[in-house]
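# Working through the structure, step by step
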Amino acid sequence: MHEKLSAIYDNVLRRNPGEIEFHQAVREVLESIGPVLGKHPEYAESKIIERICEPERQIIFRVPWEDDQGEVQINRGFRVEFNSALGPYKGGLRFHPSVYLGIVKFLGFEQIFKNGLTGLPIGGGKGGSDFDPKGRSEREVMRFCQSFMTELYRHIGEYTDVPAGDIGVGQREVGFLFGQYKRITNRYESGVITGKGLSYGGAQVRTEATGYGCTFFVEEMLKARGTSFDGKRVVVSGAGNVAIYTIEKVAQLGGVVVACSDSSGYVLDEGGIDVALLKQVKQVERGRLDSYAKRRGGEAVFVPGRSVWEVSCEVAMPSATQNEITGRDAETLVRGGCVAVGEGANMPTTPEGVRVFQEAGVAFGPGKAANAGGVATSALEMQQNASRDSWSFEYSEQRLRDIMTDIHTRCLATADEYGMPGDYVAGANIDGFRRVADAMLALGLV
Ligand code: NDP
């Protein structure tokens, strides 16, 4: 790492003790942007990097709610408003027991550059809670969401901070959150949250956008290498929003997704995952993957408690959670013939894993670029809300495809410009960073 950046990184470690995921996310960006400082001394002079590493505002709050047995439960809520140089803070809410400040800050930090990379007017933020929705009734989830919003509402707004979904927060939760916001403020302010249902201000393709967008990005990476998804063996981790729509789009483009997973294990289905059955099990019944394998019959088997990355494939699309592909998993994948990786999840590959892929010449699409279709389509939802308009599915999908193609082109062009051809990590970090840094310079010391 560049000497100046190394000193900044040490300071980040000292000022944010114990937040290991945040440290990892900062390190990855700082490792990429050294060459930019040579070309742009003004960034260092104005302490742009030190400023970017410090959130503009961090909110931590108590979320009390009552369970179905009448017992009071207490969770912790977070919203980190990281950077608003390019637009209102924008980023999802994660409800998962592992959530603490370090996770929210890693996600918020990544979001700054990802949102910059989309070229759309959105800043970076993220939030969530250590609430675990698993096994909770719909009424309990509703009461939790209402309590969460009863504090959060005062910090957000269509021109201030616009949350959305993430792990554990889908359309159902967004509905409860928006309902409570509307009730407290007496304003039908559709643009205050994205990922809404179509009947109350949601946008076509937002549900599908992260998975579809990641698939379009990988399609572009394959095209750049003179190949395509056609007939390729693909493994997708996760079985949630991002995974399901990745599987759907890969199949439409001719790939065969042979495995997917959840936190209980993975399912191997050599005939290709049946998306309709997967949606029924995971989205409608909120069940586990063993139920998919039982009902699918044929060759499908459920493998409990093991990593899906032991399944060989040509294309890997991690779409579950952070640090799910270790260095060893990456070596296994490379040995198994993997030629491309598209990160649907945020930071799913450990630094060792990234190194293994890059050294093996695998086309590696980092989450900041590959999964930016979700937030980009959220920005399109905000546009539609602002103009009280709604676009067709076909038009929205074409906009998403164009955005992903453009991000792919800019990653490659930026990597070339800095003498690192084919390095999507450097391309994404540098392009995203420059956009935010230029806006911060223009706005002065704010
Ligand atoms: P969902 O909650 O819909 O699905 C998450 C999936 O990942 C589930 O199958 C879940 O299994 C699995 N999973 C989550 N945490 C773990 C864990 N610790 N260990 C093993 N499996 C786990 O979330 P999304 O699909 O929305 O999000 C997936 C990833 O994509 C996240 O990294 C998120 O930040 C990222 N992302 C999401 C966007 C979006 O638009 N939703 C946008 C950009 C990125 P189980 O149900 O068993 O817990």
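What you see as residue numbers is a count from 1 along each chain, following the sequence as written. Where totals are concerned, whole chains, interfaces and linings use all residues; where local detail is concerned, this predicted model gives features only for residues with pLDDT of at least 70, and gives and counts side-chain atom pairs only at 80 or more. Heavy atoms throughout the structure, all of them, feed into the side-chain values; hydrogens and water do not.

In plain terms, the rule: UniProt positions are given in the numbering used here, feature names are shortened, and annotations may be inferred rather than shown by experiment.
The protein chain carries the name Glutamate dehydrogenase in an unreviewed UniProt entry, which gives Nonomuraea pusilla as its organism. Under the heading Sequence similarities (unreviewed entry), UniProt records this for the protein chain: "Belongs to the Glu/Leu/Phe/Val dehydrogenases family." Under the UniProt heading Catalytic activity (unreviewed entry), the entry covering the protein chain gives this text: "L-glutamate + NADP(+) + H2O = 2-oxoglutarate + NH4(+) + NADPH + H(+)".

## Observations concerning the site of the ligand
Formally: Think of it this way: one heavy atom of a residue within 4 Å of a molecule or strand is enough to make that residue near it. In protein, a polar contact requires one atom able to donate a hydrogen and another able to accept it; more generally it is a pair of N or O atoms within 3.5 Å, and residues adjacent in sequence count only if both atoms are side-chain atoms. The accessible surface values rely on the Shrake-Rupley method and a 1.4 Å probe; as for residues, cover is taken only from the protein chains in view. Each helix is a run of H or I in the DSSP string that is no shorter than four residues. Each strand is a run of E no shorter than two, and both are numbered from the N terminus.
The environment of the ligand is formed by 24 residues, the closest being Asp166, Thr210, Ser263, Arg288 and Asn346. Within the side chain of Lys134, one N or O atom sits 2.9 Å away from an oxygen atom of the ligand. Burial of the ligand by the protein amounts to 82% of the accessible area it has alone, namely 890 Å². Of all the secondary-structure elements, those providing two or more residues to the shell around the ligand are helix 8 (206-224), helix 9 (241-252) and strand 8 (256-262).

## A few points about unusual backbone geometry
Quick note on the threshold: Throughout, exposure labels follow a simple rule: accessible area from a 1.4 Å probe, protein chains only, divided by the maximum for the residue type, with under 20% read as buried, over 50% as exposed, and the rest as partly exposed.
Phi at Val205 takes a positive value of approximately 75°, unusual for a residue other than glycine. Mapped onto the elements of the fold, Val205 is located in the loop between helix 7 (171-185) and helix 8. By relative accessible area, which is 2% here, Val205 ends up buried. Of note, the phi angle at Arg286 is positive, near 50°, even though the residue is not glycine. Relative to the helices and strands, Arg286 is located in the loop between helix 10 (275-284) and helix 11 (289-296).

## Focus: the sheet that holds strand 9 (residues 265-268)
Test applied: By definition, two strands form a pair when at least two bridges between them are found by DSSP. Interaxial angles span 0 to 180 degrees and are taken between N-to-C directions of axes, which are lines fitted to C-alpha atoms, for helices over the stretch in contact. Note on definitions: a residue-residue contact is assigned when non-hydrogen atoms from the two residues lie within 4.5 Å.
The strand order across the open sheet formed by 7 strands is 10-9-8-7-11-12-13, and the pairing between neighbours is mixed. With one partner strand each, in any of the chains shown, strand 10 (301-304) and strand 13 (363-365) form the two edges of the open sheet. Looking at each pair of strands side by side, their axes are set apart by 15° on average, direction ignored. Of the pairings in the sheet, the one linking strand 12 (residues 340-342) to strand 13 comprises 3 bridges and is parallel in character. Bridge assignment links Ala340 to a residue of strand 13, and that residue is Ala363. Its contacts with the sheet place helix 8 against strand 11 (315-317), strand 12 and strand 13, and it is angled at close to 150° to strand 11.

## Points about the UniProt feature "binding site: substrate" (unreviewed entry) in the protein chain
In the UniProt entry, the feature "binding site: substrate" (unreviewed entry) is given for Lys90, Gln111, Lys114, Gly165 and Ser378. Secondary-structure assignment places Lys114 in helix 5 (residues 101-118). Here Lys114 falls in the buried class, since its relative accessible area comes to 4%. Other than its neighbours up to four places away in sequence, Lys114 contacts Asn346, Gly367, Lys368, Asn371, Ala372 and Val375. Residue classification places Gly165 among the partly exposed positions, given a relative accessible area of 24%.

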